[in-house]
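One letter stands for each residue in the lines below.
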Amino acid sequence: MLNTSPKRIYTSIYLTAFLYALGYGVSVYLIPLYATALRANYYELGLIGMVGNMLYIFFPILAGWLSDKANKAYLLAAGLALNIIATASISLTNTVLELLIVRIMGGFALGFYWPVIEALVADISPGLARVSKIGSFGAATTMGMIVGPPLGGVLAQILGFKATFLLASLPMVTALALMLVYVAPCYKRVVQVADSSASSPTFFLKSVLGVAPLVVIYSAFFSTVVSILPGYLSLLGYTATQIGVLFALVSGARIVALLSSHKVGGREVLALTFFSLTLALSCIIIFLAEALISFILGLVVMGVSIGFIFPLSFTLALKEVEQKMLGRGVGVYESILGVGFAGGPIFSGFIAENIDPKAPYLILGLLCLLIPLSLRKIKGG
């Protein structure tokens, strides 16, 4: 592609994000339902969620480091290829153990997608534009998550789980082609020249790790909702289609928040304090929920909260990170997410299995109330 305008690249990246999320959305919420059909208990559901995210604690750092050294667009293409293989391979599983193994592959693949595409967007979006562009990227991703879950539910009921997991990889194939044909050739022409000044590793880590408590707690809650709640709703009698529509509503709430997040840019600490409290409220609503409308209310509040938390915490974490170290900064941020993604499901699955299916949401709600204390030490937001 000869046209190297930033607008064209942003559009291509957003479409890539949408297509990837479409395939991911078709498959990810079906995994707990498929595991339940394979007779997995709550603890095994949590274990599946944990192993799917365990490698994500480590590989984003490697992917981020590589993205600072190599062309981010081509590295992203490699990550998309890994995700295609990991998603299609779910259709080959027949036991809980086999599903566990494939989800390990999925964690590896995720580690080479999210950090790289976020670093790519951050690299071409300096300064105050970063909140807006990351928010738009998040909105494009979430739009795919709106279409994906209900589509996956319908396909699973018509075609069965195995065929649906195979079909879920097809949008990712299209995303890979788009990245190779449109984004990769142009990115080299618009990427900014890195600052050659020296960087302080201590300052770098302090900048990113300052948001760690917030990121760990919100990712633990989100991964619990994704990994544990669908199985619980299934046991309550809700169909795959109903569950898919429920999570589509959550994604809709996230889009509204993501596209509005730039309005509080520059006031990240204050905004994150407020939305950590609304996240706690959503936990309590889900804990108390009895009817579907109550689950909808709690999850929509969660969607709005996370929709603001992601771009604001991302921007705050990278605010003082130099351009040439953006990939590593994003990698550390995503690894912190991985801690919550891996720990949330196994912790919540154990609590749900041995105490009460709703208890994890009460505990996570109480933890959310501690987030404002951790944010008090952060300056400049």
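Residues numbered from 1 in each chain as written. Predicted model: local features only at pLDDT ≥ 70, side-chain atom pairs only at ≥ 80, totals over all residues. Heavy atoms only, no water.

Q: Would you mind going over unusual backbone geometry in detail, with residue names and values included?
A: Look at R39: it is not a glycine, yet its phi comes out positive at around 70°. With respect to the element layout, R39 can be found in the loop between helix 2 (30-37) and helix 3 (42-54). (Helix = DSSP H or I, 4+ residues; strand = E, 2+ residues; numbered from the N terminus.)

Q: I'd like to hear about the pattern of salt bridges, residue by residue, with values.
A: Considering all chains together, one arrives at two salt bridges under this definition. The salt bridge partner of R328 is D68, with a shortest N-O separation of 2.8 Å. Taken together, the positions of R328 in helix 17 (residues 326-354) and D68 in helix 4 (residues 59-69) put the pair 260 residues apart, joining distant regions of the chain. The residue K358 makes a salt bridge to E290 at a minimum N-O spacing of 3.3 Å. Of this pair, K358 sits in the loop between helix 17 and helix 18 (359-368) while E290 is found in the loop between helix 15 (268-288) and helix 16 (292-318), placing the two residues 68 residues apart along the sequence. Judged by relative accessible area, K358 falls into the buried class, the value being 10%. Given a relative accessible area of 63%, E290 falls into the exposed group. (Salt bridge = Lys/Arg side-chain N within 4 Å of Asp/Glu carboxyl O. Buried < 20%, exposed > 50% of the residue type's maximum accessible area, 1.4 Å probe, protein only.)

Q: Explain the packing of helix 8 (residues 129-159) against helix 14 (residues 240-260) to me, using residue names and the numbers behind them.
A: Two elements in contact, helix 8 and helix 14, have axes separated by 8 Å at closest approach and are oriented at 170°. Classed by the angle they form, the pair helix 8 and helix 14 counts as roughly antiparallel. (Axes fitted to C-alpha atoms, helices over the stretch in contact; angles between N-to-C directions. Parallel < 35°, antiparallel > 145°, perpendicular 65-115°, else oblique.)

Q: Provide a residue-level description of the packing of aromatic side chains, including the pertinent values.
A: Applying the stated rule across the entire model yields 17 aromatic pairs. Pairing Y10 with Y14 gives two aromatic rings, centres 6.0 Å apart and planes at 20°, and the pair type is stacked. Placement of both Y10 and Y14 in helix 1 (residues 6-28) is noted, with a separation of four residues, approximately one turn of the helix. Y14 matches Y10 in its accessibility class, with the two residues each being buried. Between the aromatic rings of F274 and F275, the centroid separation amounts to 5.0 Å while the plane-to-plane angle is 80°, which identifies the pairing as edge-to-face. The structure contains a cluster of three or more aromatic residues connected by ring pairs, namely Y20, Y24, Y113, W114 and F137. (Phe/Tyr/Trp six-rings, centres within 6.5 Å; stacked < 30°, edge-to-face > 60°.)

Q: Could you give an account of helix 16, with specific residues and numbers?
A: Compared with an ideal rise of 1.5 Å per residue, which puts 27 residues at 39 Å, helix 16 spans 39 Å between its outermost C-alpha atoms and is within 8% of the ideal. Counting buried positions along helix 16 gives 20 out of 27 residues, so the element sits mostly inside the fold. (Expected span 1.5 Å × (residues − 1).)

Q: Before we move on, could you go through the environment of I61 and cite the residues and values that matter?
A: Looking at the element boundaries, I61 is found in helix 4. A relative accessible area of 42% places I61 in the partly exposed class. Taking the C-alpha atoms as reference points, I61 and L373, separated by 312 residues in sequence, lie 27 Å from one another. Ignoring sequence-local partners within four residues, the contact set of I61 consists of G331, V332 and S335. (Contact = heavy atoms within 4.5 Å.)

Q: A description of the side chain of E334 should follow, citing residues and the corresponding values.
A: Mapped onto the elements of the fold, E334 is located in helix 17. Despite its burial, E334 pairs with no opposite charge; the closest candidate is R254, at 10 Å N-O. Apart from residues lying up to four places away in sequence, E334 is in contact with Y56, P60, W114, P115 and E118. (Lys, Arg positive; Asp, Glu negative; His and termini not counted.)

Q: Describe a nonpolar patch on the surface, and please don't skip the residues or the numbers.
A: Where nonpolar side chains cluster on the molecular surface, the patch consists of V154, I158, L159, L167, L170 and V173 and spans about 510 Å² of accessible area. Ranked by residue count, the leading element in the nonpolar patch is helix 8, at three residues. Take L170: it is sitting in helix 10 (residues 170-190). (Patch = residues over 30% accessible without salt bridge, like charges linked within 9 Å, V, L, I, M, F, W, Y side chains within 5 Å. Areas by Shrake-Rupley, 256 points an atom, 1.4 Å probe, with all protein chains shown as cover.)

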